[in-house]
Amino acid sequence: MKNIISVDVEDYFHPSEVQGSSGVSPSDWDTLPSRVEDATRRCLDLMARTRTHGTFFILGWVASRYPGLVREIAAAGHEIACHSFLHQLVYDLSPQQFREDTRQAADAISNACGIAPRAYRAPSYSITKRSMWALEILVECGFTHDSSIYPIVHDRYGIPGYPRNAHAITTPSGPIIEVPVAAVKLSESRTTPVGGGGYLRLLPYAYTAAGIRRLNHRDQMPACIYFHPWEIDPHQPRLASGAIARLRTYLGLGSMERKLERLLGEFEFSTLAQVHSAV
Ligand SMILES: [Zn+2]
């Protein structure tokens, strides 16, 4: 079964964990040494080595600064998708602010490579019960797919009990296909995250591999997996402060690329558009 591999293209100072604990704000971003081009090229090399194509959810801010990088991603045959412009949590924005951020991001990405993104992923999976209104705005902005809902319990994101399979959602502006991030159901009341990112980085490889096998074989469901360029960049500056933020952000950076290479070799992966084609 073909699973989805996705890369959220952002710099080491963009994750919500870093923004929330470091005191660094968007007005500081231009003054920080950027590492996103080199780290993303390492992702492209990794995927070329494992002959894998994936979906790259690109931050509009990155696309506006490094349009050549967006063209490199497209030229390598990957799907071009959108990860907002300023990496703000959707439930902290008004619908109008979300619309403006999304339009700005989609414009920056299509100006860079000539491709209008059709798939969206919210920063930190911040489409939750209190921000479901965002889906209608995504349809208005031309999106056909969203992958922003994590069907788990977490302090910042997640809709516990939400369906784990991809499905169409009807909004007043039209339908959109929601592709939730991979999660395994352990019992009627317990679902555990598998999605990649920190869970792949912090836990043993066998945890993620067993989760994908269970989804593919028992549940007959493709797994939607993600990671970030900064997760394979062990030499990034450590901006996050506080024990939990530092652990979530920096633990396991040294072994992540090796784990990803093993994962991409062991399972079949493709783009979100290929796995879930039409609305
Ligand atoms: Zn992100």
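Quick caveat, the model's predicted, so the values are computed rather than measured. (Residues numbered from 1 in each chain as written. Predicted model: local features only at pLDDT ≥ 70, side-chain atom pairs only at ≥ 80, totals over all residues. Heavy atoms only, no water.)

Undergrad: Would you mind showing me how to read the coordination of the zinc ion here?
TA: Tetrahedral metal sites with four donors have an ideal angle of 109.5 degrees; octahedral sites with six donors have ideal angles of 90 or 180 degrees. Around the zinc ion, the protein contributes the donor atoms Glu 10 (OE), His 83 (NE2) and His 87 (NE2), at 2.0 to 2.1 Å from the metal centre. Residue classification places His 87 among the buried residues on the basis of a relative accessible area of 4%. (Donors = N, O, S within 2.8 Å, 3.2 Å for Na, K, Ca; no water. Buried < 20%, exposed > 50% of the residue type's maximum accessible area, 1.4 Å probe, protein only.)

Undergrad: Even after reading the chapter, I still don't get unusual backbone geometry, so can you show me in this structure?
TA: The bulk of non-glycine residues show a negative phi, and the bulk of peptide bonds are trans. One non-glycine residue, Arg 51, lies in positive phi territory at about 50°. In this model, Ser 84 sits at a positive phi of 75°, which is unusual for a non-glycine residue. For Ser 84, the location among the structural elements is in the loop between strand 3 (79–82) and helix 5 (95–113). (Helix = DSSP H or I, 4+ residues; strand = E, 2+ residues; numbered from the N terminus.)

Undergrad: Can you walk me through the environment of Tyr 162 in this structure?
TA: As for its position among the elements, Tyr 162 is in the loop between strand 5 (145–146) and strand 6 (167–171). Along the backbone, Tyr 162 and Phe 143 are 19 residues apart, and their C-alpha atoms lie at a distance of 21 Å. In this view, Tyr 162 contacts Met 132, Ile 149, Pro 151, His 167, Ile 169, Glu 178 and Pro 180; residues no more than four positions away in its chain are not counted. In this structure the side chain of Tyr 162 is engaged in a polar contact, spanning 3.0 Å, whose partner is the side chain of His 167. (Contact = heavy atoms within 4.5 Å. Polar contact = N/O pair within 3.5 Å; in protein donor to acceptor, adjacent residues only side chain to side chain.)

Undergrad: Help me out: how do you make sense of helix 4 (residues 67–75) in this one?
TA: An α-helix turns once per 3.6 residues; consequently, residues spaced three or four apart project the same way. Restricting attention to buried positions, one finds in helix 4 the residues Leu 69, Val 70 and Ile 73. Projected down its long axis, helix 4 carries its buried residues within an arc of 100°, all on one side. Once helix 4 finishes, Gly 77 follows within two positions and takes phi at roughly 90°, a positive value. (Arc of directions from axis to C-beta.)

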